[in-house]
Amino acid sequence: QVQLVESGGGLVQPGDSLRLSCTASGLSFDEYAAAWIRQAPGKEREIVAVIARGGGLTFYGRSVKERFTISRDAAENRVDLQMNSLEELDTGVYFCAAGLAMEVRDWTPYQFWGQGTQVSVSS
């Protein structure tokens, strides 16, 4: 049984940093690409960052480039998202998702999803 568990969300002020983690059981990030996908209130889900299976390639959404970093810990079978210089527009539920292909335009092909973790940025 595949399970993705996110952690690390919270309430922060603009300019602060947060680190989200996604720990997988039942699948390996050596074989699956991992994505962080967020859903802001009243908006469509958007792909924030993706890391290819094995960790060789990464992709960032335009709104988070230069501020967010996705990384993988192979030993822990975990994918992290370091978020710096947070802005109020970064508020939303952040989902970790895994899929066989590294999709960067469409979140629907991702097969496995976590429950999501809330990130709130507010002054």
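Structure first, text after, so check above.
Anyway, here's the lowdown on the structure attached to this text. As the structure is a prediction and not an experimental result, all values here were calculated from the model.

1. Some words on the sheet that holds strand E8 (residues 78-83)
Inference 1: Ordered in space as E1-E3-E8-E7, the four strands form an open sheet in which the pairing is antiparallel. Whereas interior strands pair on both sides, the edge strands pair on one side only; in this sheet they are strand E1 (3-7) and strand E7 (68-73). Looking at each pair of strands side by side, their axes are set apart by 15° on average, direction ignored.
Inference 2: The pairing of strand E3 (residues 18-25) with E8 spans six bridges and is antiparallel. Pairing of Ser21 across the sheet is with Asp80, part of E8.

2. Some points on the packing of aromatic side chains
Inference 1: Counted according to the given criterion, the structure contains three aromatic pairs.
Inference 2: Measuring from centroid to centroid gives 5.9 Å for Tyr32 and Phe112, while their planes differ by 70°, and the two rings are edge-to-face. Taken together, the positions of Tyr32 in the loop between E3 and strand E4 (33-39) and Phe112 in strand E10 (residues 112-113) put the pair 80 residues apart, joining distant regions of the chain.
Inference 3: Three or more aromatic residues joined by ring pairs make a cluster, and in this case those are Phe95, Trp107 and Trp113.
Inference 4: Against the face of Trp107 rests Arg45, its NZ or CZ located 5.4 Å from the ring centre.

3. Focus on unusual backbone geometry
Peptide bonds are mostly trans, and most non-glycine residues show a negative phi.
Inference 1: Of note in the backbone geometry, Glu66 takes a positive phi value of approximately 75° without being a glycine.
Inference 2: Its location among the elements puts Glu66 in the loop between strand E6 (58-60) and E7.
Inference 3: Judged by relative accessible area, which is 80%, Glu66 ranks as exposed.
Inference 4: Phi is positive for Ser85, which is not a glycine, with a value near 50°.
Inference 5: Mapped onto the elements, Ser85 comes out in the loop between E8 and strand E9 (92-99).
Inference 6: Residue classification places Ser85 among the partly exposed residues on the basis of a relative accessible area of 41%.

Procedures and definitions
- Chains are numbered independently. Their residues run from 1 in the order of the written sequence.
- Under the rules for a predicted model, residues below a pLDDT of 70 receive no local features and side-chain atom pairs below 80 are neither given nor counted, while totals for whole chains, interfaces and linings still include all residues.
- Excluded from the side-chain calculation are hydrogens and water; included are all heavy atoms of the structure.
- The criterion for strand pairing is that DSSP finds at least two bridges linking the strands in question.
- Only DSSP runs of H or I with at least four residues qualify as helices, and only runs of E with at least two residues qualify as strands; both kinds are numbered from the N terminus onward.
- For helices, the fitted line uses only the C-alpha atoms of the stretch in contact; every axis is such a line through C-alpha atoms, and the angle between N-to-C directions lies from 0 to 180 degrees.
- Side-chain rings of Phe, Tyr and Trp, where Trp is taken by its six-membered ring, are said to pair if the distance between their centres is within 6.5 Å; with planes under 30 degrees apart they count as stacked, over 60 as edge-to-face, and otherwise as tilted.
- In this scheme, the term charge over a ring applies when either NZ of a lysine or CZ of an arginine sits within 6 Å of the ring centre and within 35 degrees of the ring normal.
- The cut-offs for exposure are 20% and 50% of the maximum accessible area for each residue type, with area from a 1.4 Å probe on protein chains only; residues under the lower value are buried, those over the upper are exposed, and the others partly exposed.

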